[in-house]
Number of protein chains: 2
Amino acid sequence: VAESTRLVDLVQADIDRFLEDREPSLASISPDLGLLVDLSRDLLRGGKRFRALFCYWGWRAVRDSDGDAGPDDAALVPIVLAATSLELFHAAALVHDDIMDNSDMRRGIPSAHRRFEAVHADENWTGEKSTFGQSAALLLGDLLLGWSDEVFDSAISALPSSAAARAEFNRMRTEVTLGQYLDILEERAWPDHPEAEQLARAHRVITYKSAKYSIEAPLAIGAALAGAEPGRIAALASFGLPLGIAYQLRDDLLGVFGDPAVTGKPAGDDLREGKRTVLVALARAALSAAERDRFDALLGASGLSDGQVTDLQETIRATGAVEEVERMIGLDVADALDALARADIGRTAREHLMELAETVTRRSA
Amino acid sequence: VAESTRLVDLVQADIDRFLEDREPSLASISPDLGLLVDLSRDLLRGGKRFRALFCYWGWRAVRDSDGDAGPDDAALVPIVLAATSLELFHAAALVHDDIMDNSDMRRGIPSAHRRFEAVHADENWTGEKSTFGQSAALLLGDLLLGWSDEVFDSAISALPSSAAARAEFNRMRTEVTLGQYLDILEERAWPDHPEAEQLARAHRVITYKSAKYSIEAPLAIGAALAGAEPGRIAALASFGLPLGIAYQLRDDLLGVFGDPAVTGKPAGDDLREGKRTVLVALARAALSAAERDRFDALLGASGLSDGQVTDLQETIRATGAVEEVERMIGLDVADALDALARADIGRTAREHLMELAETVTRRSA
């Protein structure tokens, strides 16, 4: 745990240093740009750093020579930069995601577009605050995307493994964007698809937008950075992919039943948004045709009352879908741990990855 | 001209090959993703390829050994990829820009978010077509941003100049995003600023969002790729920056007075959007306080009638601001050509850059 804590602290220090480095050049263009750095700093202060941790332990897993003591500070520089880059990328993805979902909160503070709206309102600027909020957040996300790429380049530039690590990074970037697209598409297009396909489609969305992105890809990037041969990257993927599915299934349960005080998001957030999750697919499959019509009419309807949200929660619970998702999480975690046990990696990394597997699938926020 | 035509054709071939290469991997995730490739292809078919051309001639300008005949095919591979990358980046920027500006058209076809809206409507999907259009276009832009980066990497990976070229590319990416942010900010915050600052602020916006981005940066990227020392990059910048300002001033005139049949955009587009351009700053400075209040109330007001657009056009024209902008364009072009004449570069490149300077500042679309 000490090694994970050290990594998280080093990533935070790299984030702070990066933003501090950028500040003067932005200020030299215009003092108005300070707001972009301030918002980035706030946004990057929070978060659970799961991607940074999986990236680190993927790297550590294939460095046989480190032993239990772990690498020295100099050896850490590239992997900390790579982990920092993933956190910057993730911040960008969240900023864009919150625009698309019209979310009010993120990491316990107002989402980026809401913060830009608030500045617009405070300053009494002209025009609609909402369009300013959306446009400014879109650009902040673009800026962070570019910065994540710069930091990733600085991580790999001097390494013999740079091409392999870059290929994994590029794959992650493309696949999560495609997964997000399938997600917003499914939310709108699901009635076109046969009932029998709904579960598989929901599963595909979380595979790309979350499982690969949040766990498999960070592991692969870290491992590739350490110079892993394809066999070892594949072994880590056999652990990371089912774990990533379990991670997202837990997230889906929290999105419907999570405690707002702990998640930092409104109760039943996913129900208001109309997300077509695996949980929803399982629940719908268990409903009668009439019940399903009623359910579909409520899910994602605008201006859902608290009572209607509770109604949807109870309907889902009554189908047994929650137990079914818990069962799936259990099976996926077991698959993941099984793959981890078989993987040819060092003992320290294996133990930390086991702990991380526990953390990401049993969390309440 | 033959050499420029060859470049444009090679860039188009690279774009086509890149998208064709990506198609199977997207299809293997989901057939639904084909739409993203189709829209990218349509979007990337149009455009004037100015950025690709400046990138090419920046490269060519510092390759003394090529002589008049030009480089052979093998030598062209990296620069064509770099130019292709700039066109992909530009397509991404346009997709995001059109969301922010709520534009209906781009390059003579419906903008990306409108095309996604149309698919939503055709398919009778659930929810609002406008939110789907915006979200899908946001993600298409993100995808293209990532792809532009991949192509740029493939351009520079084997070159000794890779770090220098990458630094110029990164600078471009950051600065145009910041310039765009200043642009949307100025549109809302301009009443807060003293009259005496309005012109300088409008000038700063076009410096970053357009002049550096469209001309200075492509030249610098091409030159850095060819291994130019800083002095030569600076010499090209002394040509590119004033030319870029002139280019954007021409664009501002077209945004107010351009012929919709030629520009592919609605008449008086910038007036409807309320852009705070140099042209507008000059016009306002020449108006009486009462006239200015009337002008400000119309500029960017929602639902402007055709008559009100004509009114604004005539008001601007009557101030003499059009002549003043033409005068500024003339001075900037003269500065640019002066710098070009002094630059230590080959004759062929100089001649082509002179021609390009003419094209970008005298165009009608």
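Residues numbered from 1 in each chain as written. Chains lettered and ligands numbered in written order. Predicted model: local features only at pLDDT ≥ 70, side-chain atom pairs only at ≥ 80, totals over all residues. Heavy atoms only, no water.

**Digging into the overall build of chain A**
- From N to C terminus, chain A includes 16 helices and two strands.
- Over its C-alpha trace chain A gives a radius of gyration of 21 Å, about what one expects of a compact globule, namely 21 Å for 365 residues.
- In terms of overall dimensions, chain A has C-alpha extents of about 65 × 60 × 35 Å along its principal axes.
- Going through the 365 residues of chain A one by one, you find that 59% of them count as buried.
- Expressed as a percentage of contacts within chain A between residues at least 6 apart in sequence, the contacts between residues at least 24 apart total 73%.
- Carbon and sulfur atoms form 52% of the exposed surface of chain A, whose accessible area is close to 13,800 Å².
- Chain A carries 39 positive and 60 negative side-chain charges, and their two centres are separated by 2 Å. (Helix = DSSP H or I, 4+ residues; strand = E, 2+ residues; numbered from the N terminus. Rg over C-alpha atoms; globule rule 2.2 N^0.38 Å. Buried < 20%, exposed > 50% of the residue type's maximum accessible area, 1.4 Å probe, protein only. Contact = heavy atoms within 4.5 Å. Areas by Shrake-Rupley, 256 points an atom, 1.4 Å probe, with all protein chains shown as cover. Lys, Arg positive; Asp, Glu negative; His and termini not counted. Charge placed at Lys NZ, Arg CZ, Asp CG, Glu CD.)

**Observations regarding the packing of aromatic side chains**
- For the structure on display, the rule yields 20 aromatic pairs over all chains.
- Pairing A:Tyr56 with A:Trp57 gives two aromatic rings, centres 5.0 Å apart and planes at 85°, and the pair type is edge-to-face.
- Geometrically, the ring pair formed by B:Phe116 and B:Phe132 is edge-to-face, given 6.1 Å between the ring centres and 90° between the ring planes. Of this pair, B:Phe116 sits in helix 5 (residues 112-123) while B:Phe132 is found in helix 6 (residues 129-156), placing the two residues 16 residues apart along the sequence. (Phe/Tyr/Trp six-rings, centres within 6.5 Å; stacked < 30°, edge-to-face > 60°.)

**Thoughts on the pattern of salt bridges**
- Considering all chains together, one arrives at 80 salt bridges over all chains under this definition.
- For the salt bridge of A:Glu326 with A:Arg250, the shortest nitrogen-to-oxygen distance reads 3.0 Å. Remark: A:Arg250 occurs in helix 9 (residues 230-257) and A:Glu326 occurs in helix 15 (residues 321-342); sequence separation between them is 76 residues.
- The partner of B:Glu150 in a salt bridge is B:Arg22, and the shortest N-O contact between them spans 2.4 Å. (Salt bridge = Lys/Arg side-chain N within 4 Å of Asp/Glu carboxyl O.)

**Some details on the interface of chain A and chain B**
- Every contact between the two is made by 52 residues of chain A and, on the other side, 52 residues of chain B.
- Between chain A and chain B, a total of about 4,600 Å² is buried, with carbon and sulfur atoms accounting for 65% of that surface.
- The largest share of the area that chain A buries against chain B comes from A:Ile29, A:Tyr181 and A:Arg188, three residues that together contribute 17% of it.
- One salt bridge in this structure joins B:Arg173 and A:Asp149, with 3.0 Å as the shortest N-O distance.
- Summed over the shared surface of chain A and chain B, the number is 24 residue pairs in polar contact (both at pLDDT 80 or more).
- Mapped onto the side of chain A that touches chain B, the elements with two or more residues apiece are helix 1 (2-29), helix 2 (34-45), helix 4 (73-101), helix 5 (112-123), helix 6 (129-156), helix 7 (162-189) and helix 8 (195-225) of chain A.
- Considered class by class, the residues forming the side of chain A that touches chain B number 26 nonpolar, twelve polar and 14 charged. (Buried area = accessible area lost by both parts, 1.4 Å probe. Polar contact = N/O pair within 3.5 Å; in protein donor to acceptor, adjacent residues only side chain to side chain. Nonpolar A, V, L, I, M, F, W, Y, C, P; charged D, E, K, R; others polar.)

**A word on the side chain of B:Ser85**
Residues and elements named next belong to chain B.
- On the secondary structure map, Ser 85 appears in helix 4 (residues 73-101).
- Here Ser 85 falls in the buried class, since its relative accessible area comes to 0%.
- There is a polar contact of 2.8 Å between the side chain of Ser 85 and the backbone oxygen of Ser 148.
- Apart from the residues within four sequence positions on either side, Ser 85 is in contact with Ser 148, Val 151, Phe 152 and Phe 169.

**Some points on the side chain of A:Glu187**
- Structurally, the position occupied by A:Glu187 is in helix 7.
- Once you skip the residues sitting within four places of it in the chain, A:Glu187 turns out to touch A:Glu273, A:Gly274, A:Lys275, A:Arg276 and B:Thr126.

**Examining helix 9 (residues 230-257) of chain B**
Residue and element names in this part refer to chain B.
- Here helix 9 is 28 residues long and its end C-alpha atoms lie 40 Å apart, about the 40 Å a rise of 1.5 Å per residue gives.
- Along its length, helix 9 reaches its greatest deviation from straightness, about 25°, at Ala 237.
- Within helix 9, 20 of the 28 residues are buried, which leaves it mostly tucked inside the rest of the structure. (Expected span 1.5 Å × (residues − 1). Bend = angle between axes of the 7 residues up to and from the residue.)

**Notes on the confidence of the model for chain A**
- Residue-level pLDDT values for chain A average 95, and 100% of them are 70 or greater.
- Across the interfaces of the predicted complex, the ipTM metric reaches 0.97, alongside a pTM of 0.97. (pLDDT = per-residue confidence, 0-100.)

**Some remarks on the relation of the copies chain A and chain B**
- Overlaying chain A on chain B yields an RMSD of 0.0 Å, the required transformation being a rotation through 180° with an accompanying axial translation of 0.0 Å. What we have between these two chains is a two-fold relation.
- In this assembly the copies share their binding face: 100% of the residues contributing to the interface of chain A also contribute to that of chain B. (Least-squares fit on C-alpha atoms with pLDDT ≥ 70 in both.)

**Some details on unusual backbone geometry**
- In the Ramachandran plot, A:Asn102 falls in the positive-phi region, its phi being about 55° despite a non-glycine side chain.
- Structurally, A:Asn102 is set in the loop between helix 4 and strand 1 (105-106).
- Here B:Asn124, not a glycine, exhibits a phi torsion of approximately 55°, which is positive.
- For B:Asn124, the location among the structural elements is in the loop between helix 5 and helix 6.
- Residue B:Asn124 is classed as exposed on the basis of its relative accessible area, which comes to 67%.

**Section: the packing of helix 3 (residues 50-61) of chain A against helix 16 (residues 347-362) of chain A**
Residue and element names in this part refer to chain A.
- Their axes nearest at 9 Å, the elements helix 3 and helix 16 cross at an angle of 160°. The angle between helix 3 and helix 16 falls in the class roughly antiparallel. In this structure, the crossing between helix 3 and helix 16 has a hand that is left-handed. Contacts between helix 3 and helix 16 pair Phe 50, Leu 53, Phe 54, Trp 57, Arg 60 and Ala 61 from the former with Thr 348, Ala 349, His 352, Leu 353, Leu 356, Thr 359 and Val 360 from the latter.
- A per-class count over the contact of helix 3 with helix 16 returns nine nonpolar, three polar and one charged. (Axes fitted to C-alpha atoms, helices over the stretch in contact; angles between N-to-C directions. Parallel < 35°, antiparallel > 145°, perpendicular 65-115°, else oblique. Left-handed = near helix turned anticlockwise from the far one by under 90°.)

**Examining the environment of B:Ser135**
- Topologically, B:Ser135 is positioned in helix 6.
- For the pair formed by B:Ser135 and B:Phe116, sequence separation is 19 residues and the distance between their alpha carbons is 9.2 Å.
- Leaving out residues up to four positions away in the same chain, B:Ser135 has contacts with A:Met100 and A:Ile184.

**So, helix 8 of chain A**
Residue and element names in this part refer to chain A.
- When the terminal C-alpha atoms of helix 8 are compared, their 43 Å separation across 31 residues agrees well with the 45 Å that a helix rising 1.5 Å per residue should span.
- The largest bend along helix 8 measures about 60° and falls at Lys 212.
- The element helix 8 is extensively covered by neighbouring structure, given that 24 of its 31 residues are classed as buried.
- At the exit of helix 8 stands Gly 227, carrying a positive phi of roughly 85°.

**Quick look at the packing of helix 6 of chain A against helix 6 of chain B**
- Running from amino to carboxyl end, helix 6 of chain A crosses helix 6 of chain B at an angle of 25°, the nearest separation of the two axes being 11 Å. The angle between helix 6 of chain A and helix 6 of chain B places the two elements in the roughly parallel class. By crossing handedness, the relation of helix 6 of chain A to helix 6 of chain B is classed as right-handed. Only B:Gln134, B:Leu138, B:Asp142, B:Leu145 and B:Asp149 of helix 6 of chain B make contact with helix 6 of chain A, whose side of the interface consists of A:Gln134, A:Leu138, A:Asp142, A:Leu145 and A:Asp149.
- Among the residues making up the contact of helix 6 of chain A with helix 6 of chain B, the classes are represented as four nonpolar, two polar and four charged.

**Some thoughts on the environment of A:Tyr247**
All names here are of chain A.
- Relative to the helices and strands, Tyr 247 resides in helix 9.
- Along the backbone, Tyr 247 and Leu 271 are 24 residues apart, and their C-alpha atoms lie at a distance of 19 Å.
- Setting aside its immediate chain neighbours within four residues, Tyr 247 contacts Phe 50, Arg 51, Ser 210, Ser 214, Ile 215, Val 360, Thr 361 and Arg 363.

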